[in-house]
Amino acid sequence: MTDLLVCMEDNLCTFSPCISFVLVGVLGQKLDNGETNRGLFFPYGLMTSAAKRKGSPCLQDDNSRSDKKLRYSMPSLPEDIWHHIHSLLPLRDAARTACVSRTFLGFWRCYPNLTITRETLGLVRLEDEKDGMSYETSCDLATKIDHILRNHSGTGVKALKLEINDFPVFCTYGDLDRWLHIAVRPGIEKLDLWLRPILSAVSVYNFPCSLLLNGSGKSLRHLHLSSCTFRPTAGLDCLRSLTSLELYEVRVTEDDLRCLLSSLVALEELRLVDCEELIFLKIPSLLQRLSNLVVHDCENLEVIESKAPNLSGFEYMGPQVQLSLGDSLQDIYINGSGRGWDIVHYAWAKLPCMVPNLEVLEISTSYLSDTLVVPAGKFLHLRHLFIDGFCRPDYDHFSLVSFLDACPYLETFRLFVEHDFMEDELVLGDFSHDLRQMPGHLHSNIKDVQILGFYSTKSIIELTCHILENATSLESLTLDTSYTAILCSDSKNGKCLPMNRDMIMEAHKALLAVKRYILGKVPSSVELKVVEPCSRCNDLEILVQERKLVEPAQSESAQEFPLGKNK
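In this report, the structure presented in the accompanying data block is examined. Remember, predicted model here, so these are calculated numbers, not experimental data.

## Section: the overall build of the chain
A count of helices and strands for the chain gives 16 helices and 18 strands. In the chain, buried positions account for 49% of the 567 residues. Carbon and sulfur atoms form 50% of the exposed surface of the chain, whose accessible area is close to 26800 Å².

## Some details on the packing of helix α8 (residues 135–150) against helix α9 (residues 173–183)
Close contact between α8 and α9 brings their axes to 10 Å; oriented N to C, the two are set at 40°. Of the two possible hands of crossing, α8 and α9 adopt the one that is left-handed. Residue-level contacts link Ala142, Ile145, Asp146, Leu149 and Arg150 of α8 to Arg178, Trp179, Ile182 and Ala183 of α9.

## Quick word on the packing of helix α14 (residues 458–470) against helix α15 (residues 501–518)
It is at 11 Å that the axes of α14 and α15 come closest, and there the two elements cross at 40°. With respect to their mutual orientation, α14 and α15 come out oblique. Of the two elements, α14 crosses α15, and the hand of that crossing is right-handed. Here Ile461, Thr464, Cys465 and Leu468 of α14 come into contact with α15, specifically with Ala513, Tyr517 and Ile518. Taken together, the residues of the contact of α14 with α15 sort by class into 6 nonpolar, 1 polar and no charged.

## Some details on the pairing of strand β4 (residues 222–226)
Among the 5 residues in β4, 5 count as buried, and that is most of the element. Pairing geometry for strand β3 (residues 190–197) and β4, over 4 bridges, is parallel. Among the inter-strand pairings, Leu193 is bridged to a residue of β4, identified as Leu225. Across 5 bridges, β4 lies against strand β5 (residues 244–248) in parallel orientation. Paired with Leu225 across the bridge in β5 is Leu247.

## Here we look at the nonpolar core
One finds Leu162, Leu180, Phe207 and Ile304 to be the most contacted residues of the largest nonpolar core, which totals 128 residues. Those residues within four positions of Phe207 in sequence are excluded, and the remaining contacts are Leu180, Leu191, Leu193, Leu212, Leu225, Cys228, Thr229 and Phe230. Counting residues in hydrophobic clusters, the runner-up holds 7 residues, among them Trp82, Val100, Phe104 and Phe107.

## Comments concerning the sheet that holds strand β11 (residues 322–324)
By way of backbone hydrogen bonds, the strands of a sheet pair with one another, either parallel or antiparallel. Here 3 strands make up an open sheet; going across it, the order is β7-β9-β11 and the pairing parallel. Each end of this open sheet is capped by a strand with a single partner; those strands are β7 (280–283) and β11. Between one strand and the next, the sheet's axes are offset by a mean angle of 5°, whatever the strand orientation. Where β7 meets strand β9 (residues 303–306), 4 bridges bridge the pair, whose relative direction is parallel. Bridged to Ile283 within β9 is Ser306.

## Considering the packing of aromatic side chains
What characterises a pair of aromatic rings is the spacing of the ring centres plus the angle enclosed by the ring planes. Scanning all chains against the criterion turns up 13 aromatic pairs. Plain terms: the ring middles of Phe379 and Phe403 are 6.0 Å apart, the flat faces sit at 15° to each other, and that makes the pair stacked. One end of the pair, Phe379, is in the loop between β13 (360–365) and β14 (384–391); the other, Phe403, is in helix α13 (residues 400–405), and 24 residues separate them in sequence. Look at Phe379 and you get buried, because its relative accessible area is 2%. Among the aromatic residues, ring-to-ring pairing joins Phe314, Tyr316, Trp341 and Tyr346 into one connected group. Sitting over the face of the ring of Phe386, Arg414 holds its NZ or CZ atom 4.4 Å from the ring centroid.

## Quick word on the environment of Phe454
The topology assignment puts Phe454 in the loop between β16 (448–452) and α14. For the pair Phe454 and Ala513, spaced 59 residues apart in the sequence, the C-alpha separation amounts to 9.9 Å.

## Observations regarding unusual backbone geometry
The peptide bond linking Phe167 to Pro168 adopts the cis configuration, its omega dihedral lying at 5°. As for its position among the elements, Pro168 is in the loop between β2 (159–167) and α9. Phi is positive for Asp274, close to 55°, though the residue is something other than glycine.

## Observations regarding the pattern of salt bridges
For the structure shown, the criterion picks out 17 salt bridges. The salt bridge involving Arg150 is made with Asp146; its shortest N-O contact spans 2.7 Å. Of this pair, Arg150 and Asp146 both sit in helix α8, 4 residues apart, which is roughly one turn of that helix. Residue Arg150 is classed as exposed on the basis of its relative accessible area of 55%. Among the salt bridges present, the one from Arg383 reaches Glu411, with a minimum N-O distance of 3.9 Å. Placement of the pair is Arg383 in the loop between β13 and β14 and Glu411 in the loop between α13 and β15 (412–419), with a sequence separation of 28 residues. In this structure Glu411 comes out as partly exposed when scored by relative accessible area, which is 28%. Ionic contacts of the salt-bridge type, sharing partners, join the residues Asp146, Arg150, Asp175 and Arg178 into one network.

## Observations concerning the side chain of His397
If you trace the backbone, His397 turns up in the loop between β14 and α13. With relative accessibility at 0%, the residue His397 sits in the buried group. Of the polar contacts made by the side chain of His397, one reaches the side chain of Ser459; its length is 2.9 Å. Setting aside residues up to four positions removed in sequence, His397 forms contacts with Cys391, Leu415, Val417, Tyr455, Thr457, Ser459, Ile460 and Leu463.

Reading the values: the criteria
- Residues numbered from 1 in each chain as written.
- Predicted model: local features only at pLDDT ≥ 70, side-chain atom pairs only at ≥ 80, totals over all residues.
- Heavy atoms only, no water.
- Helix = DSSP H or I, 4+ residues; strand = E, 2+ residues; numbered from the N terminus.
- Buried < 20%, exposed > 50% of the residue type's maximum accessible area, 1.4 Å probe, protein only.
- Areas by Shrake-Rupley, 256 points an atom, 1.4 Å probe, with all protein chains shown as cover.
- Axes fitted to C-alpha atoms, helices over the stretch in contact; angles between N-to-C directions.
- Left-handed = near helix turned anticlockwise from the far one by under 90°.
- Contact = heavy atoms within 4.5 Å.
- Parallel < 35°, antiparallel > 145°, perpendicular 65-115°, else oblique.
- Nonpolar A, V, L, I, M, F, W, Y, C, P; charged D, E, K, R; others polar.
- Pairing = 2+ DSSP bridges.
- Core = buried A, V, L, I, M, F, W, Y, C linked by side-chain atoms within 4.5 Å.
- Phe/Tyr/Trp six-rings, centres within 6.5 Å; stacked < 30°, edge-to-face > 60°.
- Lys NZ or Arg CZ within 6 Å of the ring centre and 35° of its normal.
- Salt bridge = Lys/Arg side-chain N within 4 Å of Asp/Glu carboxyl O.
- Polar contact = N/O pair within 3.5 Å; in protein donor to acceptor, adjacent residues only side chain to side chain.

If you want it as structure tokens, here you go:
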């Protein structure tokens, strides 16, 4: 203890200013509730037993040669209030206050929120940001985790989050077991275990399920595991308070999950990411509180079946699977990019009957097919439709009119278009008399339409004109030609995401197409927003001058326009 108090003298001057301000702020709240203000201290005014010792360098007046010392009195408050104040401090500040007094040392040994990561320990280095975490950082992280948990009593922990890198180089499986047994005790509510094993690791950490059987599982509300093996047994029916379960790169089978889920009666959110052993995911009907299901990149998964009666949100990313989701779903996001799954076609053909109460549908795909089969029904409750797709050069965007027809109460439509710049179609001649129309297909409830990645192909111009002519309640139309989601106003380096030469040239053609075919069809009641490339980060004018582009007269044909195919 003597060494600790000596350490205090060296650390008082390095305390983060937020320590005192948080303490004063909390005390201010207590005063507002009727507490006395006698003894209230100002920032950096903590009086400690060690500060009373002669010669304390941090609390002496630098301008005085005398032995007179600055002394402040602690507010006279109950210990439980001080303990609560201490629990509100960030991890590093809470650890530093252990040097202030024996009382704060006792508080630190019972500190409730053990979030031990690079960020909370201040171990984020510039070289780590560029090249990934260095061995030096991984070693420091493991050493500090061991030091913190060795000095913790294990009581009072409400949340534990461990980030362990290059596992098991700098700590062993036994070390991790010991750390978990110190902190995971009755009363814990949140457990996050982030393991990042080395690529050459020959085995995977086996999470000790027995850890949750000593009463710890009864209070647990959030469980997050990564890069480990998880084999729950029938004895884990103690997890009846668990509301959130997240498994990332975890070895778990459908039998393991079935055994676990059968007892999670309070579960509200289930998130499964890159769990390669899963083939069949079945959600039982007893999970009546489950409202959100997220499944990403479980590459061997073939079937997802949910009987949870109140499931309202579903997010899926991966290869095509057989879905059976129940009729309570209101919000669906499906991403099949890079896997040859035409999700637009699938959603059109399957979802109206499968999820009749759907209100929000967001789909992303790298494969779009023009052919849309006759749907089994209509989306009678769909209000918001978002489509993100990579299009072949010959893709017919105008075919999406049929999808809009199946959504009679749609209010928001957003289309994000990615396409091949090598084969784009030129429409800068006069094609106004050749644009297709579908009269009688009214979309009376659409109010907001956004087309991101708008470019100068005939079918997307036809789709835009159709919406302008048939969306009778339309209030806003956004045509974004910039092909970038990162603007200089939002980026760390103050620059927009760079556009290559083909993208900038296509944006220029798209702007000309808007002027020629779209502008004259916009009703006065509709606000048209045309987003151009940033003139500072992606200078359009310089490229235009280099290519000596001049907008052709209305009588010129597309073939006479000098761009041709982009190189």
